[in-house]
Structure formats: structure tokens, C-alpha cells
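Listed below are the residues making up each chain.
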Amino acid sequence: MESPQDPFMRPGTARVWVTEFSGSAVMNPSPDEDNELLVDEYLSPEKLQALAGVDDLRLVKVLEMCVDTRENSLGNIGTYLPNLMQLKMNNSLIVSVRDLGTTLSHLQVLWMARCGLSDLDGVPSFCSLKELYLAYNDISDMSQVSMLDHLEILDLEGNNIDDITQVQYLGLCDKLSMLTLEGNPICLRPHQYTTKSSGYSYRAAVKELVPHLKYLDDIPADHSAAPRSNKPNEDWMIVKQSIKDCNSTEDTDNQGRDCSMEARVHIYITLG
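Residues numbered from 1 in each chain as written. Predicted model: local features only at pLDDT ≥ 70, side-chain atom pairs only at ≥ 80, totals over all residues. Heavy atoms only, no water.

Visitor: Give me the overall build of the chain: which residues, what numbers.
Guide: What the chain contains, in helices and strands, is 5 helices and 10 strands. Counting contacts in the chain only where the partners sit at least 6 residues apart, residues at least 24 apart contribute 54% of the total. (Helix = DSSP H or I, 4+ residues; strand = E, 2+ residues; numbered from the N terminus. Contact = heavy atoms within 4.5 Å.)

Visitor: Go over the pattern of salt bridges, please, and point to the residues and values.
Guide: Within the structure shown, the criterion is met by 2 salt bridges. Taking the shortest distance from any N to any O, the salt bridge between D56 and R58 comes out at 2.9 Å. For D56, a relative accessible area of 28% puts it in the partly exposed group. By relative accessible area, R58 is classed as exposed at 52%. The shortest N-O distance in the salt bridge between D222 and K207 comes to 3.6 Å. Taken as a pair, D222 in the loop between β9 (219-220) and α5 (235-255) and K207 in helix α4 (residues 202-209) lie far apart in primary sequence, 15 residues in all. (Salt bridge = Lys/Arg side-chain N within 4 Å of Asp/Glu carboxyl O. Buried < 20%, exposed > 50% of the residue type's maximum accessible area, 1.4 Å probe, protein only.)

Visitor: Describe in detail unusual backbone geometry, supporting the description with residues and values.
Guide: Located in the positive-phi region is N91, a residue other than glycine, with phi close to 65 degrees. Tracing the backbone through its elements, the reader meets N91 in the loop between β3 (86-88) and β4 (109-111). The backbone of R114 sits at a positive phi, close to 55 degrees, despite the residue not being glycine. With relative accessibility at 29%, the residue R114 sits in the partly exposed group.

Visitor: How would you explain α4 if you had to name every residue and give the values?
Guide: Among all positions of α4, only Y202, R203, A205 and V206 are buried. Viewed along the axis of α4, the buried residues span an arc of 160 degrees, placing them on a single side of the element. Taken together, the buried residues of α4 touch β7 (178-180), β8 (215-216) and β9. (Arc of directions from axis to C-beta.)

Visitor: I'd love a proper account of the side chain of D99, names of residues and values included.
Guide: Checked against the element boundaries, D99 lands in the loop between β3 and β4. Among buried Asp, Glu, Lys and Arg side chains, D99 stands out as unpaired, with R98 the closest opposite charge at 8.2 Å. Within polar-contact distance, the side chain of D99 engages the side chain of T69 at 2.7 Å. (Lys, Arg positive; Asp, Glu negative; His and termini not counted. Polar contact = N/O pair within 3.5 Å; in protein donor to acceptor, adjacent residues only side chain to side chain.)

Visitor: Summarise the confidence of the model for the chain; cite the residues concerned and give the values.
Guide: With 64% of its residues at a pLDDT of 70 or more, the chain has an overall mean of 76. Low pLDDT, under 50, characterises residues 227-232; the stretch is placed with 5 contacts to residues that sit more than four places away or in other chains. (pLDDT = per-residue confidence, 0-100.)

Visitor: I'd like a description of the environment of S44, backed by residues and values.
Guide: Mapped onto the elements of the fold, S44 is located in the loop between α1 (35-40) and α2 (45-52). Sequence separation between S44 and G75 is 31 residues; the distance between their C-alpha atoms is 9.5 Å.

Visitor: Explain the side chain of D162 residue by residue, including any values.
Guide: Residue position: D162 is located in the loop between β6 (153-155) and β7. Setting aside residues no more than four positions away along its own chain, D162 makes contact with P185, I186, P190, H191 and Q192.

Visitor: Tell me what's going on with the environment of S140, and back it up with residues and numbers.
Guide: You can see S140 is positioned in the loop between β5 (131-133) and β6. For S140, a relative accessible area of 28% translates into the label partly exposed. Measuring from C-alpha to C-alpha, the distance between S140 and N184 comes to 9.1 Å, with 44 residues separating the pair along the chain. The contact partners of S140, leaving out residues within four places of it in the chain, are S118, N160, I161 and Q166.

Visitor: Go over the environment of D163 with me, naming the residues and quoting the values.
Guide: Locating D163 in the fold gives a position in the loop between β6 and β7. For D163, a relative accessible area of 25% corresponds to the partly exposed category. Taking C-alpha positions, D163 is 5.7 Å from P190, a pair spaced 27 residues apart along the chain. Discounting residues that sit within four places of it in the chain, D163 has contacts with I186, P190 and H191.

Visitor: An account of the state of the cysteines is needed here, citing residue identities and associated values.
Guide: Scanning the model with the defined rule gives 0 disulfides in all. C66 forms no disulfide, and the closest cysteine sulfur to it belongs to C115, at a distance of 7.5 Å. Judged by relative accessible area, C66 falls into the partly exposed class, the value being 22%. (Disulfide = S-S within 2.5 Å.)

Structure representation (C-alpha cells):
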């Protein structure tokens, strides 16, 4: 959701807009009209209290927002929200997972689909993660995921994993039971510089590297052949390129503004 540009917005500062989260048991309060408060306080405890409509931030368990972290970090948000269990940041622009800080060790579910991520450096700090959704980024290295001991579900659909040996890192996640890799280059060939071999079975290779896996691409992992067409699926690559082109266009537009470094945040809060 875009908001009209404020000509008086200072470069490098954060701006927050609040949107109701339909279906939530407790709705957000009305957006604060004090622009100075919005500009000067970037997700401080006081700001989060005002947004949630509660004094005790320990009641906040689910947070959904869209943010541009090129200039602003979420810092100590995990300290302010000690019982936050789920964080959804789909369609954000996140330079690095490290931008989320190191205080979310209690987080159990994290969504960062279509965020422009190229690596997962910093993700081991989310040591309690059980579910991680990273579809349609540009990730090729999965080594960082191997340190998530409690991970049960991992979605890497439509990324850039082009070496089947990367999957061996997931074999170290003993609790991993559901994995999605559809739309990655390894679905077609085992390595970047090899041609597709008639003897190559992507599903068999993944199952061998992660023997405890129960579901692969929403299909029981023991199924050796995918029920879909075996022809090279170029649709995934087209989708990924479209997403990249969209992000590039947005970046170009932002560079033409004086406040291109402002953080745009939409916040939905569920209390439980």
C-alpha cells in the first residue's frame, strides 16, 4: 500500500503507516496523526505500544510489516517484543537478514518472500525457528540454515540454488520434514555447468541428502517422480526475472527522490 509522499519528510528517517489486520482478534488503534512522532520514533517501545494499543508488549505475538532496510534497521525489535512468535515481512526490501538484528532468538515462524535476499548470513541468530518461508529471492547458499536445529519447514521456492551439494546442509537439520525447492536450477540439473542428464533425478538426490525428509515440494518425499510434466519448467525463471525487474524499477524510482532512504513500514499486530 503506497502512501502519498510527504514533501517535508527528512531523508534517512523512518515513517510508519498503520493498517488494520482483518480477522485479528484485537484490531489496531487508529493511525497516530502526529507526524513528528512517526518520524522521530522508529519502532521504539513507545511507538510499538501506541500501535498495539497496549502497555504490555509481551502480549504481542504476531507482527506483519513491509519495510525497506537499506537505511534503517529493525534493531532491537526482539527485545521490545519478547513473546513475538511470528514475523511476516513478505515483499519487503531487505539488504541482509542481519538487518533484523540479533534479538529474535524466540521467533518461531518467519516469512521473507520476495525481499531481494541474496544470502542468509545472520539467520542462525533465529535459533528457535521452526518455519522459514523464503520464496522468490536470489538465495544460492544454504549453509547458514544448517545451524537451525529446530527447523521443521523450509520454503525456498523460486530461488537460485544451482548446486545439488548445497542440499547436504539441510541434512543437518534433524527435524526438517517439509522442504520446497521447486523452481530452482537444481530441479533441472545437478550443477550449474552441467547439462540435464536423463539419469538425473532431482527428487532422489534430495531424498538421499536429507533422508529424514517427509515432504518435498508438497509431495511425499518417497515419490521418485514428480507428477507434473518433465519438460524443463521455464515458467519459474520467468517469474523470478519479473520480480527482479519489478524491484529494479522500484529502486530506480526511489533514487530519484530526496527521501529515497526513508523506511516504509506497514504494521499489523495480532494479540494473543
